[in-house]
Amino acid sequence: MGQTACAPMEPQEAWQRFEQDSAWNLKWAGHLLRRIGFGPTWPELQKALAQGPQKTIDGLFQVSAEAEAFAGQMDQWEASAATLPQIRAWWLRRMLETPQPLVEKMTLFWHSQLALGNVRNVSPALLREYLRTIRRYCLGRLDSLFRAVVLQPAMLLSHGAEANRKARPNEHFARVLLEQFSVGPGGFTEKDVQETARSLTGYFVLREEVRFIDREYDSGPKTLFGRSGPFGAEELFDLLARHPATAKSIARKLYRFFISEAEEPGDALLEPLASRLIQGQTIGQVVETMVRSKWFFSLAAYRRRVKCPVEWALGVLRPMEVLVPTEPLGHALAELGQALGEPPTPAGWPDGVHWISPALLLLRGKWSQQFWASDSPFGQKLDPAGLAARHAAKTPSAQVEFLLNLYLQRDLPPEVQNKLVSQVQWASHQTNSNALRQVCQTLALLPAFQLA
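Treat the numbers as computed from the prediction; the structure is a model and nothing was measured.

## Some words on the overall build of the protein chain
Here is step 1: The number of helices and strands found in the protein chain is 23 helices and four strands.
Here is step 2: For a compact globule of 452 residues, the expected C-alpha radius of gyration is about 22 Å, and the protein chain comes in at 23 Å, within 12% of that figure.
Here is step 3: Oriented by its inertia axes, the alpha-carbon framework of the protein chain measures out at about 80 × 50 × 45 Å.
Here is step 4: Taken across its 452 residues, the protein chain has 56% of its residues classed as buried.
Here is step 5: Once local pairs closer than 6 in sequence are excluded, the contacts in the protein chain between residues at least 24 apart make up 72%.
Here is step 6: As displayed, the protein chain has an accessible area near 18300 Å², and 52% of this comes from carbon and sulfur atoms.
Here is step 7: When the 49 positive and 45 negative side-chain charges of the protein chain are each reduced to one mean point, those points stand 2 Å apart.

## So, the domain arrangement of the protein chain
Here is step 1: In terms of domain boundaries, the protein chain breaks down into domain 1 (10-63 + 244-291), domain 2 (161-237) and domain 3 (309-450).
Here is step 2: At the interface, five residues of domain 1 touch four residues of domain 2.
Here is step 3: In total, domain 1 and domain 2 occlude about 320 Å² of area from one another, counting both sides; carbon and sulfur atoms represent 45% of this.
Here is step 4: The largest per-residue losses of area from domain 1 upon contact with domain 2 belong to Ala245, Thr246 and Lys253, which jointly make up 73% of the total buried on that side.
Here is step 5: Our enumeration of links across domain 1 and domain 2 arrives at zero salt bridges.
Here is step 6: Along the contact surface separating domain 1 from domain 2 lie three residue pairs in polar contact (both at pLDDT 80 or more).
Here is step 7: Of the residues assigned to the side of domain 1 that touches domain 2, the class counts are two nonpolar, two polar and one charged.

## Thoughts on unusual backbone geometry
Here is step 1: Look at Glu321: it is not a glycine, yet its phi comes out positive at around 65°.
Here is step 2: Examined against the element boundaries, Glu321 turns out to sit in the loop between helix 17 (309-317) and helix 18 (326-335).
Here is step 3: Even without glycine at this site, Ala392 takes up a positive phi of about 75°.
Here is step 4: Within the secondary structure, Ala392 is located in the loop between helix 20 (384-390) and helix 21 (396-408).

## Quick look at the state of the cysteines
Here is step 1: Applying the stated rule across the entire model yields zero disulfides.
Here is step 2: This cysteine, Cys138, is not joined by any disulfide, and Cys308 carries the nearest cysteine sulfur, 16 Å off.

## Here we look at the pattern of salt bridges
Here is step 1: For the structure on display, the rule yields 28 salt bridges.
Here is step 2: A salt bridge links Glu342 to Arg88; its shortest N-O distance comes to 2.5 Å. Here Glu342, found in the loop between helix 18 and helix 19 (358-372), pairs with Arg88, found in helix 6 (residues 84-97); they are 254 residues apart in sequence, far enough to count as distant.
Here is step 3: Residue Glu342 is classed as partly exposed on the basis of its relative accessible area of 34%.
Here is step 4: Put simply, Arg304 and Glu263 hold a salt bridge, and the shortest N to O gap is 2.3 Å. One end of the pair, Arg304, is in the loop between helix 16 (283-291) and helix 17; the other, Glu263, is in the loop between helix 14 (244-258) and helix 15 (267-278), with 41 residues separating them in the sequence.
Here is step 5: With relative accessibility at 31%, the residue Glu263 sits in the partly exposed group.
Here is step 6: Each of Lys248, Arg252, Arg256, Glu264, Asp267 and Asp351 takes part in salt bridges that share partners, so that together they form one network.

## Quick notes on the confidence of the model for the protein chain
Here is step 1: Averaged over all residues, the pLDDT of the protein chain equals 93, while 96% of them reach at least 70.
Here is step 2: Between residues 1-6, whose pLDDT stays under 50, and residues either more than four places distant or in other chains, the model counts 16 contacts.

## Considering the pairing of strand 2 (residues 209-212)
Here is step 1: Bridging between strand 1 (residues 203-206) and strand 2 involves four bridges; their strand directions are antiparallel. Directly across from Phe204, in strand 2, lies its bridge partner Arg211.
Here is step 2: Adjacent in sequence and paired antiparallel, strand 1 and strand 2 are bridged by two residues, among which Arg207 carries a positive phi angle near 55°.

## Considering helix 2 (residues 26-36)
Here is step 1: For helix 2, the buried fraction is high: 10 of the 11 residues fall into the buried class.
Here is step 2: Listing the buried residues of helix 2 in full gives Leu26, Trp28, Ala29, Gly30, His31, Leu32, Leu33, Arg34, Arg35 and Ile36.
Here is step 3: On its buried side, helix 2 packs onto helix 3 (42-51), helix 4 (53-61), helix 7 (101-113), helix 14, helix 16 and helix 21.
Here is step 4: In this structure Asn25 caps helix 2, since a side-chain oxygen of it lies 3.2 Å from the backbone nitrogen of Lys27.

Parameters and conventions
- Residues numbered from 1 in each chain as written.
- Predicted model: local features only at pLDDT ≥ 70, side-chain atom pairs only at ≥ 80, totals over all residues.
- Heavy atoms only, no water.
- Helix = DSSP H or I, 4+ residues; strand = E, 2+ residues; numbered from the N terminus.
- Rg over C-alpha atoms; globule rule 2.2 N^0.38 Å.
- Buried < 20%, exposed > 50% of the residue type's maximum accessible area, 1.4 Å probe, protein only.
- Contact = heavy atoms within 4.5 Å.
- Areas by Shrake-Rupley, 256 points an atom, 1.4 Å probe, with all protein chains shown as cover.
- Lys, Arg positive; Asp, Glu negative; His and termini not counted.
- Charge placed at Lys NZ, Arg CZ, Asp CG, Glu CD.
- Domains from an automatic or database assignment.
- Buried area = accessible area lost by both parts, 1.4 Å probe.
- Salt bridge = Lys/Arg side-chain N within 4 Å of Asp/Glu carboxyl O.
- Polar contact = N/O pair within 3.5 Å; in protein donor to acceptor, adjacent residues only side chain to side chain.
- Nonpolar A, V, L, I, M, F, W, Y, C, P; charged D, E, K, R; others polar.
- Disulfide = S-S within 2.5 Å.
- pLDDT = per-residue confidence, 0-100.
- Pairing = 2+ DSSP bridges.

Printed below as a string of structure tokens:
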């Protein structure tokens, strides 16, 4: 806990389990819950603080009866979504209310990593099924995830791969599969592209269903990554999932998502994670190794990621413990640069400092005002003074301290904290509720709050 951001640690030690319960505090509980979910509530922070890191992680990875019932109910309600804005709205509601936040976090991750192409070719029903499939397989084995998602009708249609004929293999989609979804740039040859395209022949989208037409399948021998055989899609996904370049590429992406975007990890640090994928461990097991580790609970990982718009906006709204209108929230996120359901390219959304360009920070300022305006669809639901009072913070100073603990686990320089307390005390001509709204608006725009 006390090490610097770049303190040396051997890779095998880095991924050993963190056991320092004595160092566990609100700061590290917030760090864990931000990375696994979308902005913790006060009861969640207090529960994590009482349980300690490893027991908290146990709960985050378990599928409870409550989580299964919630997912079933949401699936039923979501089936009524007939437009892209409605699909976004239901997904955002899941993120706000789910008892299993890791599943939604990983659905968001794979929605960017296994991104659709031109979604104008995809109906809302197919988009719903694509997202539902990711949700179902997001923590499972990599080969199973590839098999289930790559051959989704939405995926094939959006990438112009709805007709994979023997006489005309789709090399464009094969290149996307290799470069963006699996082995990564530089990990394949043009021959690999051709053989991958041949392996996917026979698959067609007909009446919004994927069908395999045997006469259109190229059953001839193929050579991929030094191995030869009459490979089809099943064998192709197995080869890709076990390829060292795929494992390294996925491990690097998971590292950036759960650990740090600030520095590129060395091969030695990624190797223990990549080897687990090659051996057939599930994605969930690899993520669990990461978030239970000494490296995760170190300054090498603390606030070393920039929040994407979804993480930023839900980090503002979810701690208030109320359900806000999610269709307008979907529109807000689209303006902030993250239109759910519509990744900008097959490479998904960019990450890191892209999200804190001057133009995008100005938009965060605009939406922070909108969220907290008392007459907005969001502000009408949000009541920071009432929330603070429910959690035993009665005076203005105590309420500011509560909000600092809630949003930033009070990990701020004393002068910033004092300024915010003074801001509420000075605003005696306003209602305390309006003054606290201004504090929340200020907190949402602090540099520390942009970081996960």
